[in-house]
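Architecture at a glance
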Amino acid sequence: MQITVFGATGRTGVPLVRQALDRGHDVVAFARSPEKLPVEDSALTVVEGDAYGGDGVAEAIAGADAVVSVLGQTAEGPDDLLTVAGDNVLAAMREAGVERFVTLVGAGVREAGEDVSLSGKAMGVLLKLFAADVLDDAAEHVRRVGATDLDWTVVRAPRLTDGAGTGEYRAGDVDLGFESVARADVARFVLDCVEDDLYVGELPKVGAA
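Residues numbered from 1 in each chain as written. Predicted model: local features only at pLDDT ≥ 70, side-chain atom pairs only at ≥ 80, totals over all residues. Heavy atoms only, no water.

What about unusual backbone geometry?
A positive phi angle is found at Asp197, which is not glycine, with a value near 50 degrees. Along the polypeptide, Asp197 turns up in the loop between helix H6 (183-196) and strand S10 (205-207). The phi dihedral of Tyr199 is positive, around 55 degrees, even though this residue is not glycine. Considering the arrangement of structural elements, one finds Tyr199 in the loop between H6 and S10. For Tyr199, a relative accessible area of 25% puts it in the partly exposed group. (Helix = DSSP H or I, 4+ residues; strand = E, 2+ residues; numbered from the N terminus. Buried < 20%, exposed > 50% of the residue type's maximum accessible area, 1.4 Å probe, protein only.)

Here it is in structure tokens:
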């Protein structure tokens, strides 16, 4: 399978790229700064571009079987990064006829009518107080993804940590509260969703096992 990864040089993107290659996939890593990707492999192609501006997006998606976005907000980046970059990715997917899309957002994004635990509600309040722009951007990105006819999955994760991970995770309608999960384990779940067409048209949460 050929998988295009947006956010490939990020702290979740790097383990995702490595795991995808280890699983035998061809990977197209989209990067604004390719020199930041510490991975080399004969099955890896790096496309330089700017997802927010749209440069190089169509080139990276052409020929893909699936597209994954693990883009994340930074202090220096635009407040609407996920929304605008996501629109550029979705448009290029429609043009190229690529149907499978998996995107990663924070667990603070809610589904309509979702039953949220007390700890989850508390986390939501904190996010609205201290990261409202990030939350609004992610929610709008998810709304636009959900309005497409693509085979999409929105993975929602709590606070992410670095490290090797455990190789296991909990996923689906799980209570996350204030917990954290390793980026490597989130990457594993994202790839499982891609390979096995898990949670198509759904917003599963992923947490530590």
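Quick word on the packing of aromatic side chains
Counted by the stated rule, this structure contains 3 aromatic pairs. Ring centres of Phe6 and Phe30 lie 4.7 Å apart, and the angle between their planes is 40 degrees; this geometry places the pair in the tilted category. Of this pair, Phe6 sits in strand S1 (residues 2-6) while Phe30 sits in strand S2 (residues 26-31), and the two are 24 residues apart along the sequence. Note on Phe6: relative accessible area 0%, which makes it buried. Clustering of aromatic rings is evident, with ring pairs tying together Tyr169, Phe189 and Tyr199. (Phe/Tyr/Trp six-rings, centres within 6.5 Å; stacked < 30°, edge-to-face > 60°.)

With respect to helix H3 (residues 81-96)
Over its 16 residues, H3 runs 22 Å from end to end, which matches the ideal 22 Å to within 8%, given 1.5 Å per residue. Among all positions of H3, only Leu81, Leu82, Thr83, Ala85, Gly86, Val89, Leu90, Ala92 and Met93 are buried. (Expected span 1.5 Å × (residues − 1).)

Concerning empty space enclosed by the protein
Counted according to the given criterion, the structure contains 1 cavity of 30 Å³ or more. Surrounding the largest cavity, Ser69, Leu71, Leu82, Ala85, Gly86, Val89, Phe101 and His141 form its lining. Looking at the lining of the largest cavity, the element that brings in the most residues is H3, giving 4 residues. For the lining of the largest cavity, the residue count by class is 5 nonpolar, 3 polar and no charged. (1 Å grid on protein atoms, 1.4 Å probe; cavity = no way out; pocket = protein on both sides within 12 Å on 5 of 7 lines; lining within 4 Å. Points joined across faces, edges and corners; volume = space filled by probe spheres on them. Nonpolar A, V, L, I, M, F, W, Y, C, P; charged D, E, K, R; others polar.)

Details of the side chain of Thr148
For Thr148, the location among the structural elements is in the loop between helix H5 (132-146) and strand S6 (151-157). Residue Thr148 is classed as buried on the basis of its relative accessible area of 16%. Polar side-chain contacts of Thr148 include one of 2.8 Å to the backbone oxygen of Val145. Setting aside its immediate chain neighbours within four residues, Thr148 contacts Leu90 and Arg94. (Polar contact = N/O pair within 3.5 Å; in protein donor to acceptor, adjacent residues only side chain to side chain. Contact = heavy atoms within 4.5 Å.)

Description of H6
For H6, built from 14 residues, the straight-helix expectation of 20 Å at 1.5 Å per residue is met to within 8% by its first-to-last C-alpha distance of 20 Å. Here H6 lies mainly inside the structure; 11 of its 14 residues are buried. Among the residues making up H6, those that are buried are Arg183, Ala184, Asp185, Val186, Ala187, Phe189, Val190, Leu191, Asp192, Cys193 and Val194. Positive phi appears at Asp197, one or two residues downstream of H6, with a value of about 50 degrees.

Some details on the environment of Ser42
With respect to the helices, strands and loops of the structure, Ser42 is situated in the loop between S2 and strand S3 (44-48). Sequence spacing of Ser42 and Asp26 is 16 residues, and the spatial spacing of their C-alpha atoms is 8.7 Å.

Regarding the pattern of salt bridges
Taken as a whole and judged by the stated rule, the model has 10 salt bridges. For Arg11, the salt bridge is made with Asp162, and the minimal N-O distance between the two is 3.0 Å. Taken as a pair, Arg11 in the loop between S1 and helix H1 (13-22) and Asp162 in the loop between strand S7 (159-161) and strand S8 (170-172) lie far apart in primary sequence, 151 residues in all. Asp162 gets classed as partly exposed once you look at its relative accessible area, which sits at 49%. For Arg100, the salt bridge is made with Asp197, and the minimal N-O distance between the two is 3.3 Å. Within this pair, whereas Arg100 is found in strand S5 (residues 100-106), its partner Asp197 is found in the loop between H6 and S10, the two being separated by 97 residues in sequence. By sharing partners, the salt bridges in this structure join Asp87, Glu140, Arg143 and Arg144 into a single network. (Salt bridge = Lys/Arg side-chain N within 4 Å of Asp/Glu carboxyl O.)

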